[in-house]
Amino acid sequence: MAISVELERLLSGWLARAPWRPQDAEGPVDVEDALPVSAAPLFLRSLDDEPGAGLPGTQQPARVQGLIVVFSLGEADDTRRLTVPLTLRTREAYELRPHLIGEVDDLTLGHCFVYDGVADPEFVRTVVELVEAGGPVRPGEIAGPVPGGQFTAVTLDDPDAFAEAPARPAVQLPGTGAGAATQDAPDADASGSVPIPAPPQAPPRIGRDTPEETYDEGLRLELRGGQRANSSAVLHRTGRPPVIVKVFRTVEPGRNPAVTVPAALSGRGSAVVPEVLGWLQGFWYDTELLQETFGQLILVSRFLTGSTDAWTAALTAARAAAPGQGSSEESEETPGTGGFTEQARHIGAVVARMHRDLAQEFGATVHTPEHLREAIAGWRSRVEWALARVPVALAPLAAPLRKHLAALEELQPGTLQRVHGGLDLSALLFAGEDTSVVNFSADASGPQLPAEDLVGLLRSIDRAAGLARLERTGALGGDADAAALGLVGAHELDALARRVAASPEYAWSAAAQEALLGGYLQEAAGTEDPLGVEPGHPLLRAVLVDRLLSEVVDELRNRPAGLEIPLAALALLLQPERLEDTPDTAGDGGAGDAGDGVNEDAGEASGDPGEAGDDVREG
């Protein structure tokens, strides 16, 4: 179906304000030219579940329609596709006012209130019920999905669940009796819209106009925050385990590793991921590919009730590391309140088991000479890129970085396999005695070094320590900018490195990182392939330097007050002798007050550097 010009204009304005809109190296991407390439109805049902609940002054029932719009943004190789779930309600839902996008006049429904579908319990419950039922979305199922053949609810026992190019499902049209032949989606009418049948009589549904969070007896919707590129909501139902629905706001045509990887692990009974129930995939004609394609849009998994993410636990522990800040003895028995060493060791073991399960499911190989040359070329390019963008702060490290580049030529091949791809502490959840891995990356499409995942965790631990140190020393002021760091030469960098290394948070971080690698290696003992994750291993060091350089540039651009976290780590990694050869000229305080700044454009952005990634307890 086609959306109206009025709705398209409304959504364009909303997309420009959406917190999940795509970002590139320069910040949020301009979505002004985003164009809808697909708009498919998912369901249509009545909301009248009590006398007088219809539209005022009419005999018409109040109705809600769910649809999913796919937008195309950019051109050629830089095209992005955005997933926008919506609900159109003919009666305002006051409890959904924070998620109201606007009002439009719909040709079929009349005057409608448009809401973000992720926040509407009617949309979320429909998706869950469709996945639980499995198969193509057909009219009459789940109290009102509409025909069109544009959506399929896929479960793990579907024989085509992991097909590279699944066939568009056939649908049974309204009025065709039992046993009648199915056929493809009906043709659109002259306006470009697919005919929508009248809504069937549905059992009582959510949608009463009440301000409470509970929309129906035994039903509660809980939105999850802290996400950059996805949106999630937890559906609680009486007598049934809670589930989490994750919408991938940016989607690429074809299989989505953020869906297929945890689904494959769940299907083989792996204990490292929450159970995947299924996903919703849609079909549309792609104007860039000039062909019909499909995308995996929404993932449905079991929700881990009462879980705590490892990032929160680590940050709490890091804050308690300094004398007088908390009791580390007490914390050894309570996850996340002090020591964290045993938890880090356990995390390392869990990640090793995840890597083993991934290798068994997807296979593993070893670098070919060509692949190794490509990897080295990428690492060399990152060094040049970072030196060009942060010339002042990295100037004292230019020589050791060149030495590092020379050493890359001596690297030996390592194991390549499917990995998580975006692993940090926020992607690990503690739930009782169980630990699960969530938030698999949609970009991890090919074999990579296991060190990529380990480095993500090591940097997450160091970041927790750095934030705790900056908070304790009062260096996270809202007006902090790069000039306040005073990093203009080797002397200031030496002072920073010594100050950081002398802090209790650094000692906490070192112990936690050592424990994490130890737990990983102990669990992976007996693996024949070269893992390249042993402390000091050249492959681990290469990946770590690469990640640190990216962080230095990112912190300078977006959170200058946190620049010293990756910069000090990089200095200590490349030149540990700085701790021995340079007198300490600064105490354990803020970032220093000498010098003119790190980079002439460093003051463009400031803010809290404590953003650690998606904090969603799901799979």
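Bear in mind the structure is a predicted one, so any value in this text is a computation, not a measurement. (Residues numbered from 1 in each chain as written. Predicted model: local features only at pLDDT ≥ 70, side-chain atom pairs only at ≥ 80, totals over all residues. Heavy atoms only, no water.)

Trainee: Just checking my understanding: could you explain the overall build of the protein for this structure?
Mentor: Helix and strand counts for the protein come out as 15 helices and 20 strands. Buried positions account for 53% of the 619 residues belonging to the protein. Pairs at least 24 residues apart make up 72% of the contacts formed inside the protein by residues separated by at least 6 positions. With the model as given, the accessible surface of the protein reaches about 25,800 Å², and the carbon-plus-sulfur share is 48%. (Helix = DSSP H or I, 4+ residues; strand = E, 2+ residues; numbered from the N terminus. Buried < 20%, exposed > 50% of the residue type's maximum accessible area, 1.4 Å probe, protein only. Contact = heavy atoms within 4.5 Å. Areas by Shrake-Rupley, 256 points an atom, 1.4 Å probe, with all protein chains shown as cover.)

Trainee: Can you walk me through the sheet that holds strand β19 (residues 428-431) in this structure?
Mentor: Two pairing modes exist for strands in a sheet, parallel and antiparallel, and in both the strands are linked by backbone hydrogen bonds. Sheet architecture is open: 3 strands sit in the order β16-β19-β20, paired in antiparallel fashion. A strand with exactly one partner marks an edge of an open sheet, and here the two such strands are β16 (308-309) and β20 (434-437). When β19 meets β20, the two strands line up antiparallel, connected through 4 bridges. The partner of Ala-431 across the bridge, within β20, is Asp-434. Relative to the sheet, helix α6 (residues 341-362) contacts β19 and β20, its axis offset from that of β19 by approximately 115°. (Pairing = 2+ DSSP bridges. Axes fitted to C-alpha atoms, helices over the stretch in contact; angles between N-to-C directions.)

Trainee: Is there a simple way to think about helix α4 (residues 310-319) in this case?
Mentor: Since the α-helix packs 3.6 residues into each turn, any two residues three or four apart lie on the same face. Among the 10 residues in α4, 7 count as buried, and that is most of the element. The elements touched by buried residues of α4 are β16, α6, β19, α10 (450-472) and α12 (504-523).

Trainee: What is the right way to read the nonpolar core from this model?
Mentor: Note that soluble globular proteins tend to have their nonpolar side chains buried in a common cluster. Membership of the largest hydrophobic core comes to 84 residues, with the highest contact counts inside it found for Ile-347 and Leu-394. Contact partners of Ile-347, with chain neighbours within four places excluded, come to Ala-310, Phe-340, Leu-425, Leu-428, Phe-430, Leu-457 and Leu-516. (Core = buried A, V, L, I, M, F, W, Y, C linked by side-chain atoms within 4.5 Å.)

Trainee: When you look at the environment of Asp-453 in this model, what are you seeing that I'm missing?
Mentor: Tracing the sequence through the fold places Asp-453 in helix α10. Separated by 33 residues in the primary sequence, Asp-453 and His-420 have C-alpha atoms spaced 6.5 Å apart.

Trainee: Just checking my understanding: could you explain the side chain of Thr-435 for this structure?
Mentor: Within the fold, Thr-435 resides in strand β20. Its relative accessible area of 8% is what places Thr-435 among the buried residues. Here the side chain of Thr-435 touches His-346 through a polar contact of 2.8 Å, side chain to side chain. Once residues within four sequence positions are removed from consideration, Thr-435 is found in contact with Ala-271, Val-272, His-346, Val-350, Leu-428, Leu-429 and Phe-430. (Polar contact = N/O pair within 3.5 Å; in protein donor to acceptor, adjacent residues only side chain to side chain.)

Trainee: Is there a simple way to explain the packing of aromatic side chains in this structure?
Mentor: When we look at a pair of aromatic rings, we describe it by the centre distance and by the angle of the planes. As enumerated under the stated definition, the model contains 5 aromatic pairs in all. With centroids separated by 6.3 Å and ring planes inclined at 55°, the aromatic side chains of Phe-43 and Phe-123 adopt a geometry described as tilted. Here the residue Phe-43 occupies a position in strand β3 (residues 35-46), and Phe-123 occupies one in helix α2 (residues 121-133), the gap between them amounting to 80 residues. Note on Phe-43: relative accessible area 0%, which makes it buried. (Phe/Tyr/Trp six-rings, centres within 6.5 Å; stacked < 30°, edge-to-face > 60°.)

Trainee: Which parts of the structure should I look at to understand the sheet that holds strand β6 (residues 100-106)?
Mentor: An order of β3-β4-β5-β7-β6 is seen for the 5 strands of this open sheet, with the pairing classed as antiparallel. A single partner strand is all that each edge strand has here, and the edge strands are β3 and β6. The mean inter-strand angle of the sheet, taken between neighbouring strand axes irrespective of direction, is 25°. Pairing geometry for β3 and strand β4 (residues 63-73), over 10 bridges, is antiparallel. What sits directly across from Pro-41, in β4, is Leu-67. Here helix α1 (residues 5-15) sits on the sheet and contacts β3, β4, β5 (80-89), β6 and β7 (110-116); the angle it forms with β6, its principal contact strand, is near 170°.

Trainee: Looking at this structure, I do not really get the packing of α6 against α12. What am I missing?
Mentor: Each pair of packed helices can be summarised by the angle the axes make with each other and by the distance between the axes. Between α6 and α12, the least distance of the axes is 7 Å, while the angle of their chain directions is 35°. When the axes of α6 and α12 are compared, the crossing they make is right-handed. The residues of α12 that touch α6, namely those facing Thr-341, Ala-344, Arg-345, Ile-347, Gly-348, Ala-349, Val-351, Ala-352, Arg-353, His-355 and Arg-356, are Ala-511, Ala-512, Ala-515, Leu-516, Gly-519, Tyr-520 and Glu-523. Looking at the contact of α6 with α12 residue by residue, the classes come out as 10 nonpolar, 4 polar and 4 charged. (Left-handed = near helix turned anticlockwise from the far one by under 90°. Nonpolar A, V, L, I, M, F, W, Y, C, P; charged D, E, K, R; others polar.)

Trainee: Explain the pairing of β7 to me, please; I cannot follow it from the model alone.
Mentor: Two faces make up the sheet, and in a regular strand the side chains alternate between them. For β7, the buried fraction is high: 5 of the 7 residues fall into the buried class. As paired strands, β5 and β7 are joined by 4 bridges and run antiparallel to one another. If you follow Arg-89 over to β7, its bridge partner there is Phe-113. Here 6 bridges tie β6 to β7, and the two strands are oriented antiparallel to one another. Bridging from a neighbouring strand, Leu-100 pairs with Tyr-115 of β7. Here β6 folds back onto β7 in antiparallel fashion, the turn holding 3 residues.

Trainee: What is the right way to read the packing of helix α7 (residues 369-389) against helix α13 (residues 538-558) from this model?
Mentor: Running from N to C, α7 and α13 cross one another at 30°; their axes reach a closest spacing of 10 Å. Between α7 and α13, the crossing angle belongs to the class labelled roughly parallel. The chirality of how α7 crosses α13 is left-handed. Judged by residue contacts, Gly-378, Trp-379, Arg-382, Val-383, Trp-385, Ala-386 and Arg-389 of α7 engage Leu-539, Ala-542, Val-543, Asp-546, Leu-549, Ser-550, Val-553, Leu-556 and Arg-557 from α13. The class makeup of the residues in the contact of α7 with α13 is 10 nonpolar, 2 polar and 4 charged. (Parallel < 35°, antiparallel > 145°, perpendicular 65-115°, else oblique.)

Trainee: I keep staring at unusual backbone geometry and nothing clicks. Help me out?
Mentor: The phi angle of most residues is negative, glycine excepted, and most peptide bonds adopt the trans form. Unusually for a residue other than glycine, Asn-439 sits at a positive phi of about 60°. Relative to the elements of secondary structure, Asn-439 occurs in the loop between β20 and α10.

Trainee: What am I meant to see in the layout of surface pockets here?
Mentor: Over the atoms, a rolled probe matching the size of one water molecule traces out where space is still vacant. In this structure, the second largest pocket occupies an estimated 570 Å³ of space. Around the second largest pocket sit 20 residues that line it, and Leu-458, Tyr-506, Gln-513, Leu-544 and Leu-573 are the ones nearest its centre. Grouping the constituent residues of the lining of the second largest pocket by class yields 13 nonpolar, 3 polar and 4 charged. (1 Å grid on protein atoms, 1.4 Å probe; cavity = no way out; pocket = protein on both sides within 12 Å on 5 of 7 lines; lining within 4 Å. Points joined across faces, edges and corners; volume = space filled by probe spheres on them.)

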